[in-house]
Amino acid sequence: MLWVLLLLPAWALAGAACTRLCLAAVRAAAVDTRDAAVDQDHDLTLYEAAFLSGGPSRVADVTLVSMARQRRLLLAHTGWATVVDPRGRDEMERSVIRAIGPGGQSRIAPVRSAAAAADPVRSLADRLVSAGLAVPEGEGSTVAAGMRQVRTAALAVAVLAVTALLLPGPTGMPRTLVALWFLLPLALTLSCLAIARVEIHPYSRWASPAGQRLLGTLARRVRGTGDERTCLASVAVRGIRAIGEPELRAAFAHRDQPWRD
């Protein structure tokens, strides 16, 4: 009857994860109702759109791309950033220049990391959270976190089921019945995921429901045009894959690769 000792944690994991997801969905619905009055005519800045779409790293990417397109920063296809104009036009740009350092040249990866962790990005995040457009940092009760927990629970239940079926010796009942007992918590987690996908998708790690609506408005507004702000807005919403210049895309392709002398 050792399989029973594996069945109990399977049920506990499945029940706890599904309960957390349901509570997160209820909280998200309450926040959505509360923030429904957010001004949908509010014009998101590029930095705001970047944060809501991809978090602090996306803000750093947009800043780097913006400075590069204005020829105030050179991003080489080898993955190096070189300062051309040391006078940043806002706090984000100044944090990038500080991250590059007094030598005026650095690898893109550490610059991106330092700029993403700088005070201007944290201030931006605080403003968006206060406005009801962003999810508070480290919020473990969000729908996205709940979905991850349910997926993890489903995987754990499957592993426990396989372990129980592979236990040597008699189980006290046919192994098909043992499998059925484990199938119940697995079905609970999978059905919870399916319902969540239908009822509360899309979900976001960074943007609240109100923030997602503003992002959708921005995406529709910039589609099909080709001016400078539109290009940067596309990078803010979609990431570096939206960069049109091949050499500039190549520079970012090196951003996570370690440098070897």
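The preceding data block contains the structure.
Cut-offs and rules
Residues numbered from 1 in each chain as written. Predicted model: local features only at pLDDT ≥ 70, side-chain atom pairs only at ≥ 80, totals over all residues. Heavy atoms only, no water. Core = buried A, V, L, I, M, F, W, Y, C linked by side-chain atoms within 4.5 Å. Buried < 20%, exposed > 50% of the residue type's maximum accessible area, 1.4 Å probe, protein only. Helix = DSSP H or I, 4+ residues; strand = E, 2+ residues; numbered from the N terminus. Contact = heavy atoms within 4.5 Å. Salt bridge = Lys/Arg side-chain N within 4 Å of Asp/Glu carboxyl O. Patch = residues over 30% accessible without salt bridge, like charges linked within 9 Å, V, L, I, M, F, W, Y side chains within 5 Å. Areas by Shrake-Rupley, 256 points an atom, 1.4 Å probe, with all protein chains shown as cover. Lys, Arg positive; Asp, Glu negative; His and termini not counted. Charge placed at Lys NZ, Arg CZ, Asp CG, Glu CD. Pairing = 2+ DSSP bridges. Axes fitted to C-alpha atoms, helices over the stretch in contact; angles between N-to-C directions.

Novice: What am I meant to see in the nonpolar core here?
Specialist: Side chains that are nonpolar tend, in soluble globular proteins, to be buried together. In terms of nonpolar packing, the biggest core is built from 47 residues, with F51, L52, V59, L64, L73, L75 and V96 touching the most fellow members. No other element matches the 13 residues that helix α2 (residues 46–69) contributes to this core. Look past the residues within four positions of L64 in its chain and what remains in contact with it is L73, L75, V96, I108, V111, R112 and F252.

Novice: Just checking my understanding: could you explain the pattern of salt bridges for this structure?
Specialist: Pairing between side chains of opposite charge can happen when the charged atoms of each approach one another. Tallied over the full model, the rule gives 6 salt bridges. D61 is the partner of R112 in a salt bridge, and the nearest nitrogen-oxygen pair spans 2.8 Å. With R112 in helix α4 (residues 108–116) and D61 in helix α2, this residue pair connects regions lying 51 residues apart in the sequence. Both residues of the pair, R112 and D61, belong to the buried class. For the salt bridge of R94 with E91, the shortest nitrogen-to-oxygen distance reads 3.0 Å. Taken as a pair, R94 and E91 lie in helix α3 (residues 91–100) at a separation of 3 residues, close to a single helical turn. Given the relative accessible area of 41%, E91 is considered partly exposed.

Novice: Sorry, what's going on with a positive patch on the surface here?
Specialist: A cluster of basic residues, R148, R151, R197 and R205, forms a positive patch at the surface. When you line up the elements, R151 lands in helix α6 (residues 143–165). Residue classification places R151 among the partly exposed positions, given a relative accessible area of 36%.

Novice: I would appreciate a short explanation of the sheet that holds strand β2 (residues 80–83) in the present structure.
Specialist: Strand order in the open sheet made by the 3 strands is β1-β2-β3, with antiparallel pairing throughout. Whereas interior strands pair on both sides, the edge strands pair on one side only; in this sheet they are β1 (73–75) and β3 (105–107). Averaged over all neighbouring strand pairs, the angle between strand axes comes to 20°, with direction disregarded. Relative to β2, β1 is paired through 3 bridges, and the arrangement is antiparallel. Its bridge partner being in β2, L73 is matched across the sheet by V83. Relative to β3, α4 is tilted by about 90°, and along the sheet it contacts β1, β2 and β3.

Novice: In this structure, what is going on with the side chain of S234? I would like to understand it.
Specialist: Within the fold, S234 resides in helix α9 (residues 228–238). Ignoring sequence-local partners within four residues, the contact set of S234 consists of G239 and A242.

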